[in-house]
Amino acid sequence: MFRFFIIILIFWFLSLDYNNAEVFSSTYHLELLADREKRAAEVLQKLDNPDEVITRYLDEYKSVPDSLTAQEIAKNPIHAYFMIKRLNELSKSENVLNYETWKKLEPILNNGTLFPSDWDRNGAEFAIVFLAAVHFLDIDDLSRGKIRGQETNLTMEVSDYLRLLRYSIQVKEYDQAIKWFQLILKDSMETNDRKFVDIMIFVSSEDFYNSFQLVDEYSHLTDEKRRNQSVTSGQRFIPRCDLTEPLHVSADEEKKLICYYSDQGSPWLILQPAKIEVVHPNATFLIFHDVISDKEIEILKELSVAQLERVTVSTRLPMIGKVNRIRKDVRLSEFDHEIVGRLARRMSHITGLSLNVTTGDVERLNVFNYGLGGWHEEHYDYRVRPYLRDASIMFWLSNVEMGGGTGFPYANLTLYPRKNSAAFWYNLDDEGKTMIHAFHGACPVLIGNKWVATFWAKHVGQIFKRKCPLQARRII
């Protein structure tokens, strides 16, 4: 009986979903990892007889400037990629895992992980390929550790090119695959023994033949067919993600893009009226400025960090898992902290909607932290069984240096994070019909740490707030 119990326990343990322990899907967890690595490297440097793996790791770690903070490492995809790579390789060292070394490392880990899994490494590689595809990054610059002019002093090896080539092909980014392939051929002219072995192993493998065949077939496709095959195909908001120019509107439409103060008919806003910006001439897209303070943001983050879990969806790639959404989230209610109810009441006065958390007129506050190349596939917010969502209120809890916007393809609009502000849009019109302009996706974060929090107002809770029109009409 005892043996049977042990067998069941082992199978249960093996069936656990480990992607909640992963680090690449949350920038906050990448920050923790960078901090642990800095302290672990100090311990490893004092070892008397480090093996070859540890020695190589310490040589690679020397390329990380001492002045670089954990936050700076986590928010830069090149630094994060190399950190995950070198720590994942370090985990293969028997010396690190022996009792004496682990006894020195354990106090600085504080029950956290030091070694990213193979899952994390594959996720980091997918992020590099995906970011390059969406933001049209120069592959030569990436190989030299540069993004949009920002240097990292890190340089990729042939082993990196090989793995990124495989992922480029797997997600059908063949243009990018050709460039990684060219880098492999270029570096094969060098005499570095380690690189030569990597190249020979790859060239003699079936992967090489399949890769070469796919790239050759792709080179004969039209531009339209190429676009339809890639990982970004079908995502209509993606073209909005690498744009920085303002919304193109006519002179008459431009007059509708205004900023104003308003008490919104609420006595609670008379002394401190809402700061409202209209960001679209023909649809209800508003930004409410200064609606959440820095102190409130820090409270939300502190409440969230211990509970962040990977968002679950169905679409997967082998050894990466869920790629439609690279982020972690947590749901908070008034039972977690009174700030949730306070924010709901504040936004109720500003929007005129019923946002009573206790009676269920609004969903619990969702707090999201995006990860390495963090994004969210295009979607409507309006339906989550068994009820409908009338409107979305998205608080920006951080600024983002590059990328990280929210693209609305049918509204021809991209909203970029502005800390302390909140974006607002309707998902349903006052007849309960879908607002097509509300279709959107979260653009991948290129450089930065993106935190957002969202309230979704339930349709059933607005029965006395958004009254049906007397006559049917079409609203877009």
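No experiment lies behind these values; they were computed from the predicted model shown.

Student: Honestly, the overall build of the chain in this entry has me stumped. Any pointers?
Tutor: Within the chain, the regular secondary structure consists of 17 helices and 20 strands. Counting over 476 residues, the chain shows a buried share of 52%. For the chain, long-range pairs separated by at least 24 residues make up 76% of all intrachain contacts whose partners lie at least 6 apart in sequence.

Student: Looking at this structure, how should I read the packing of aromatic side chains?
Tutor: Any aromatic ring pair is given by two values, namely how distant the centres are and how the planes are angled relative to each other. The full count for this structure, using the stated rule, is 15 aromatic pairs. Where Phe-126 meets Phe-130, the ring centres are 5.5 Å apart and the plane angle is 10°; that geometry is what we call stacked. Here Phe-126 and its partner Phe-130 are both found in helix 8 (residues 118–134), 4 residues apart, which amounts to about one turn of the helix. Assessed through its relative accessible area of 1%, Phe-130 is described here as buried. Residues Phe-237 and Trp-375 carry aromatic rings whose centres are separated by 6.3 Å and whose planes lie at 15° to one another, so their mutual orientation is stacked. Residue Phe-237 is found in the loop between helix 14 (223–229) and helix 15 (251–254), and its partner Trp-375 is found in the loop between strand 10 (365–370) and strand 11 (376–379); the two are separated by 138 residues along the sequence. Note on accessibility: Phe-237 and Trp-375 belong to one class, buried. An aromatic cluster is present here, built from Phe-126, Phe-130, Phe-237 and Trp-375 joined pairwise through their rings. Over the ring of Trp-456 we find Arg-389; its NZ or CZ atom is 3.7 Å from the centre of that ring.

Student: How should the sheet that holds strand 11 be read in this particular structure?
Tutor: Sheet strands line up and pair through hydrogen bonds in the backbone, either parallel or antiparallel. Reading across the sheet, the 4 strands line up as 11-18-15-16 and stay open at both edges, with antiparallel pairing between neighbours. Unpaired on one side and paired on the other, strand 11 and strand 16 (413–415) mark the two borders of the sheet. Pairwise comparison of adjacent strand axes, ignoring direction, gives a mean angle of 15° for this sheet. Bridge analysis of strand 11 against strand 18 (residues 440–442) gives 2 bridges, and the strand direction is antiparallel. By the bridge assignment, His-376 is partnered in strand 18 with Ala-442.

Student: What is the right way to look at the packing of helix 2 (residues 27–44) against helix 5 (residues 77–90) in this model?
Tutor: Axis angle and axis distance: for two packed helices, these are the angle between their axes and the distance between the axes, and together they describe the pair. One way to put it is that helix 2 packs onto helix 5 with a least axis distance of 11 Å and a crossing angle of 50°. The angle between helix 2 and helix 5 falls in the class oblique. The way helix 2 lies across helix 5 gives a crossing that is left-handed. For the pair formed by helix 2 and helix 5, the contact residues are Leu-30, Leu-33, Ala-34, Glu-37 and Leu-44 on the first element and Ala-80, Met-83, Ile-84, Arg-86, Leu-87 and Leu-90 on the second. Here the contact of helix 2 with helix 5 is built from residues that sort into 9 nonpolar, no polar and 2 charged.

Student: Explain helix 8 to me, please; I cannot follow it from the model alone.
Tutor: Three or four residues apart is the spacing at which side chains of an α-helix point the same way, because the helix has 3.6 residues per turn. Along its 17 residues, helix 8 runs 24 Å from first to last C-alpha, staying within 8% of the 24 Å computed at 1.5 Å per residue. Of all the 17 residues making up helix 8, 15 are buried; the element is thus mostly covered by neighbouring parts of the structure.

Student: Just checking my understanding: could you explain the side chain of His-280 for this structure?
Tutor: Inspection of the secondary structure puts His-280 in the loop between strand 4 (274–278) and strand 5 (285–289). Note on His-280: relative accessible area 7%, which makes it buried. Reaching out from His-280, the side chain makes a polar contact with the backbone nitrogen of Asn-282 at a distance of 3.1 Å. Side-chain polar atoms of His-280 contact the backbone oxygen of Ala-411, separated by 2.8 Å.

Student: I'm lost on empty space enclosed by the protein in this one. Help?
Tutor: Any empty space left between the atoms is revealed when a probe the size of a water molecule rolls over them. Per the counting criterion, the structure on display carries 3 cavities of 30 Å³ or more. Empty space within the largest cavity amounts to approximately 50 Å³. Lining the largest cavity we find Thr-27, Ala-74, Lys-75, Asn-76, Pro-77, Gly-371, Leu-372, Gly-373, Val-445, Leu-446 and Gly-448. Of all elements in the fold, only helix 4 (70–75) and strand 19 (445–447) reach the threshold of two or more residues within the lining of the largest cavity.

Student: Help me understand the environment of Val-452, please; the structure alone is not making it clear to me.
Tutor: Relative to the helices and strands, Val-452 resides in strand 20 (residues 451–458). Expressed as a C-alpha distance, the spacing of Val-452 and Ser-398, which sit 54 residues apart in the sequence, is 7.3 Å. In this structure, Val-452 is in contact with Asn-366, Val-367, Phe-368, Tyr-370, Met-394, Phe-395, Trp-396 and Leu-397, ignoring residues within four places of it in sequence.

Student: Even after reading the chapter, I still don't get unusual backbone geometry, so can you show me in this structure?
Tutor: Excluding glycine, most residues fall at negative phi; most peptide bonds, likewise, are trans. We note that Asn-412 has phi near 55°; this positive angle belongs to a residue other than glycine. Along the chain, Asn-412 falls in the loop between strand 15 (406–408) and strand 16. Assessed through its relative accessible area of 34%, Asn-412 is described here as partly exposed. Although it is not a glycine, Asn-420 sits at a positive phi angle of roughly 80°. Assignment of secondary structure puts Asn-420 in the loop between strand 16 and strand 17 (422–426).

Student: Would you mind showing me how to read the environment of Trp-180 here?
Tutor: The topology assignment puts Trp-180 in helix 11 (residues 174–187). Along the sequence, Trp-180 and Arg-166 sit 14 residues apart, while their C-alpha atoms lie 9.3 Å from each other. When sequence neighbours within four positions are dropped, the list of residues in contact with Trp-180 reads Ile-139, Leu-142, Ser-143, Met-156, Tyr-161, Leu-164, Leu-165 and Ser-168.

Student: Help me out: how do you make sense of the pattern of salt bridges in this one?
Tutor: Two side chains with opposite charge may pair up if their charged atoms get near one another. One pass over the structure, following the stated rule, counts 25 salt bridges. Across the salt bridge formed by Asp-290 and Lys-275, the nearest N and O atoms sit 2.7 Å from each other. With Asp-290 in the loop between strand 5 and helix 16 (294–305) and Lys-275 in strand 4, this pair connects stretches of sequence that are 15 residues apart. A salt bridge links Arg-418 to Glu-277, with the shortest nitrogen-to-oxygen separation between them at 2.8 Å.

The rules behind the values
- All chains use their own residue numbering, which begins from 1 and follows the written sequence.
- Confidence filtering applies because this is a predicted model: local features only for residues at pLDDT of at least 70, side-chain atom pairs given and counted only at 80 or more, and all residues used for totals across whole chains, interfaces and linings.
- Working from all heavy atoms in the structure, the side-chain values ignore hydrogens and water.
- Segments assigned H or I by DSSP are reported as helices when at least four residues long, segments assigned E as strands when at least two residues long, and all are numbered from the N terminus.
- Three exposure classes are used, based on accessible area relative to the maximum for each residue type with a 1.4 Å probe and protein chains only: buried under 20%, partly exposed in between, and exposed over 50%.
- Residues are treated as being in contact if the distance between any of their heavy atoms lies within 4.5 Å.
- Only centres within 6.5 Å qualify two rings of Phe, Tyr or Trp (six-membered ring in Trp) as a pair; their planes then separate them into stacked at under 30 degrees, edge-to-face at over 60, and tilted for everything else.
- Here, a charge over a ring is recorded when the distance from Lys NZ or Arg CZ to the ring centre is within 6 Å and its angle to the ring normal is within 35 degrees.
- We call two strands paired when DSSP finds no fewer than two bridges between them.
- The axes used here are C-alpha line fits, helices contributing only the stretch in contact, and every angle between their N-to-C directions lies in the interval 0 to 180 degrees.
- When describing relative orientation, an angle under 35 degrees is termed roughly parallel and one over 145 degrees roughly antiparallel, while 65 to 115 degrees is termed roughly perpendicular and anything else oblique.
- Each crossing is labelled by how the near helix is turned from the far one, with a counterclockwise turn of less than a right angle marking it left-handed and a clockwise turn marking it right-handed.
- Under the scheme applied here, ten amino acids are nonpolar (Ala, Val, Leu, Ile, Met, Phe, Trp, Tyr, Cys and Pro), four are charged (Asp, Glu, Lys and Arg), and all others, including Gly, are polar.
- Any helix carries an expected span of 1.5 Å times its number of residues minus one.
- Residues adjacent in sequence count toward polar contacts only when both atoms are side-chain atoms; beyond that, a polar contact is any pair of N or O atoms within 3.5 Å, and within protein one must be able to donate a hydrogen and the other to accept it.
- Residues are called lining when one of their atoms sits within 4 Å of a cavity or pocket point, these points coming from a 1 Å grid over the protein atoms alone, where a cavity is a set in which a 1.4 Å probe fits but cannot get out and a pocket is an open set with protein on both sides within 12 Å along at least five of seven lines.
- Grid points are joined across faces, edges and corners, and a volume is the space filled by probe spheres set on the points.
- Salt bridge criterion: a side-chain nitrogen from Lys or Arg within 4 Å of a carboxyl oxygen from Asp or Glu.

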